[in-house]
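Letter by letter, the chains look like this.
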Amino acid sequence: MTPQALLAESIHPAAAKALEALGVTPVERLKVALPEDELIEKLKGVKLLGIRSRTKVTKATIEGAPGLYAIGSFGIGTNQIDLDAASAKGIPVFNAPFANSRSVAELTISAAVSLLRRMPEKNVEMRAGGWGKSAAGAYEARAKKLGIVGYGNIGSQVSVLASAMGMHVYYYDIEPKLAHGNARAVASLDELLELSDIVTLHTPSTPATRGMIDAGALAKMKKGANIINYARGDLIDIDALSEALGSGQVGGAAIDVFPVEPASKDEAFDSPLLAHKNVLFSPHIGGSTQEAQEAIGAEVADKLARFLTEGATAHSVNFPQILPSSRKLGVTRILHAHQNVTGVLRGINDAVSDAGLNTAAQSLATRDGIGYVIADVEGAATDSLRADLEKVDGTIWTRIIE
Ligand code: NAI
């Protein structure tokens, strides 16, 4: 039996469970990421595709899978999916933007404490037989100033945890953000860099944030202050950081993300930062916990299943967003994705009234040239209604849920 949903790359079992709970069966689970040709073959008849970061969903894959309804990226990023090709075919893409925020926040706090206590250096020294038992350069986190750059999902969670440990929390964000507890917003990045004992980065990678922490920014930090980057590898100029660590301008760094990261376990990691023992390294695992994997599995599967069964597209990363109310008994739901051109709504309404049906509810959303309508009509759909909806100028696809 052809699966309704294909989940690749050992996605957490919570995903299959969530799909099945909403009536999406059978679900096929794969351990691996399939190459393009095998994926196209495997997608025949499959409505929902779930992947993690290693499967590349290319334009050819999307065009080669005409039966595919939606794609779920079981993680934060969606770079591995050709979003333009998906949008052109009216395929919504979903992800899980907050499911691992807490995991990153916890590790950030542990990094802050480790840096303040000089744990990276002590770890290196002991491995070489050293026993540097000393309080020199080691501090409590209590009453230290933590500067958070980017007060979004993760930054604000770091704020809550740091406040609970008695740290003084300051943050800088380009958007106005509600402060948690006693945290205080500052007006500029420079101000934050100048006052903080530890700076932690939690912004996305954008033209404004790329290289944001360069030699000039590092020079503005307090001498010997620490820096944490668990956000994106290109926020810091790594050569400048390497120099600042060497000169003592920066006391220590905890880095989880790098400008160039190995593509797999088989590739070796290299970085100018390896020369410094006051760096705490981790291989981009800030958000990688069992809890986060399970939460991601359930969240993305729920979004995929709700699209299949109700047409809901709330929180899609590329598609007009509609969160419909639940369908009432005796009501037929029409889903219609189209080019955002004039006359489509009229065409849909004409088709419905020609079928002798009354519209009970209708929602329209548009985004980047794509329009999406959910219409609940009283009564049953006929074959001629289906055919008329297909014929509306600009139609990408239409689907009826009964
Ligand atoms: P978010 O979108 O909730 O928050 C980002 C915040 O940064 C927003 O409040 C935004 O207004 C702010 N911001 C944007 N540009 C800014 C600028 N120029 N200056 C100051 N603030 C700016 O994102 P979230 O979920 O908190 O993620 C933060 C970062 O963590 C992202 O880069 C994400 O990719 C990364 N991340 C890393 C993981 C890891 O495994 N190490 C796991 C999960 C997320």
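For the structure itself, look to the data block above.
What counts as what
Residues numbered from 1 in each chain as written. Predicted model: local features only at pLDDT ≥ 70, side-chain atom pairs only at ≥ 80, totals over all residues. Heavy atoms only, no water. Pairing = 2+ DSSP bridges. Helix = DSSP H or I, 4+ residues; strand = E, 2+ residues; numbered from the N terminus. Contact = heavy atoms within 4.5 Å. Axes fitted to C-alpha atoms, helices over the stretch in contact; angles between N-to-C directions. Patch = residues over 30% accessible without salt bridge, like charges linked within 9 Å, V, L, I, M, F, W, Y side chains within 5 Å. Areas by Shrake-Rupley, 256 points an atom, 1.4 Å probe, with all protein chains shown as cover. Salt bridge = Lys/Arg side-chain N within 4 Å of Asp/Glu carboxyl O. Lys, Arg positive; Asp, Glu negative; His and termini not counted. Charge placed at Lys NZ, Arg CZ, Asp CG, Glu CD. Buried < 20%, exposed > 50% of the residue type's maximum accessible area, 1.4 Å probe, protein only. Expected span 1.5 Å × (residues − 1). Right-handed = clockwise from strand over helix to strand, strands pointing away. Core = buried A, V, L, I, M, F, W, Y, C linked by side-chain atoms within 4.5 Å. Domains from an automatic or database assignment. Near = heavy atom within 4 Å. Polar contact = N/O pair within 3.5 Å; in protein donor to acceptor, adjacent residues only side chain to side chain. Nonpolar A, V, L, I, M, F, W, Y, C, P; charged D, E, K, R; others polar.

Caption draft 1: View of the sheet that holds strand 5 (residues 93–94). A sheet is described by the order of its strands in space; here 5 strands give the open sequence 2-1-3-4-5, paired in parallel fashion. Looking at which strands have only one partner, the edges of the open sheet turn out to be strand 2 (27–29) and strand 5. Of the pairings in the sheet, the one linking strand 3 (residues 48–51) to strand 4 (residues 70–73) comprises 4 bridges and is parallel in character. By the bridge assignment for strand 4, leucine 49 is matched with isoleucine 71. On top of the sheet, helix 1 (residues 13–21) reaches strand 1 (5–7), strand 2 and strand 3; it is set at about 170° to strand 2, its chief contact. Helix-sheet contacts for helix 11 (residues 290–310) involve strand 3, strand 4 and strand 5, and the interaxial angle to strand 4 is about 170°.

Caption draft 2: Spotlight on a negative patch on the surface. A cluster of acidic residues, Asp214, Asp237, Asp239 and Glu243, forms a negative patch on the protein surface. The topology assignment puts aspartate 239 in helix 10 (residues 238–247). Exposure remark for aspartate 239: the relative accessible area of 52% places this residue in the exposed category.

Caption draft 3: Examining helix 11 more closely. Taking 1.5 Å of rise per residue, 21 residues should cover 30 Å, and helix 11 covers 30 Å from first to last C-alpha, within 8% of that figure. Looking at helix 11, one finds that the buried residues are Ala292, Ile296, Gly297, Val300, Ala301, Lys303, Leu304, Ala305, Phe307 and Leu308. Looking one or two residues past helix 11, glycine 311 carries a phi angle of roughly 85°, positive in sign.

Caption draft 4: Fine view of the pairing of strand 4. The two faces of strand 4 match: Ala70 and Gly72 on one face and Ile71 and Ser73 on the other face are all buried. Pairing of strand 4 with strand 5 involves 2 bridges; the strand directions are parallel. Bridge assignment links glycine 72 to a residue of strand 5, and that residue is phenylalanine 94. Note that the unit made of strand 4, helix 4 (residues 83–88) and strand 5 has a crossover that is right-handed.

Caption draft 5: Layout of the sheet that holds strand 14 (residues 358–367). The strand order across the open sheet formed by 4 strands is 14-15-13-16, and the pairing between neighbours is antiparallel. The open sheet terminates on both sides in strands that have one partner only, identified here as strand 14 and strand 16 (395–401). In this sheet, adjacent strand axes meet at a mean angle of 15° when their direction is disregarded. Note: strand 13 (residues 331–339) against strand 16, 6 bridges, orientation antiparallel. Looking at strand 16, one finds that alanine 337 is bridged to tryptophan 397. On top of the sheet, helix 13 (residues 383–391) reaches strand 13 and strand 16; it is set at about 155° to strand 16, its chief contact.

Caption draft 6: Representation of the nonpolar core in the model. Core analysis: the biggest nonpolar cluster contains 32 residues, and Leu7, Leu19, Leu48, Phe74, Leu304 and Tyr372 have the highest contact counts within it. Elements with a minimum of two residues in this core: strand 1, helix 1, helix 11, strand 13, strand 15 (370–378) and strand 16. No other element matches the 7 residues that helix 11 contributes to this core. Here this core spans two domains, since at least three of its residues come from each of domain 1 (1–100 + 289–319) and domain 3 (320–402). Beyond its immediate sequence surroundings of up to four residues, leucine 7 is in contact with Ala15, Ala16, Leu19, Val27, Glu28, Arg29, Leu30, Gly50 and Phe74. The next biggest cluster of nonpolar side chains, apart from the first, holds 30 residues, and it includes Ile213, Ala217, Ala231 and Leu273.

Caption draft 7: Molecular detail of the site of the ligand. Within the structure, the ligand sits among 24 residues, and Asn153, Ile154, Asp173, Thr203 and Asp256 are positioned closest to it. A distance of 2.9 Å separates an oxygen atom of the ligand from a polar atom in the backbone of asparagine 153. Threonine 203 places a main-chain nitrogen or oxygen 2.7 Å from an oxygen atom of the ligand. When the ligand sits alone it has 870 Å² of accessible area, and the protein chains cover 85% of it. Considering only residue class, the shell around the ligand consists of 9 nonpolar, 10 polar and 5 charged.

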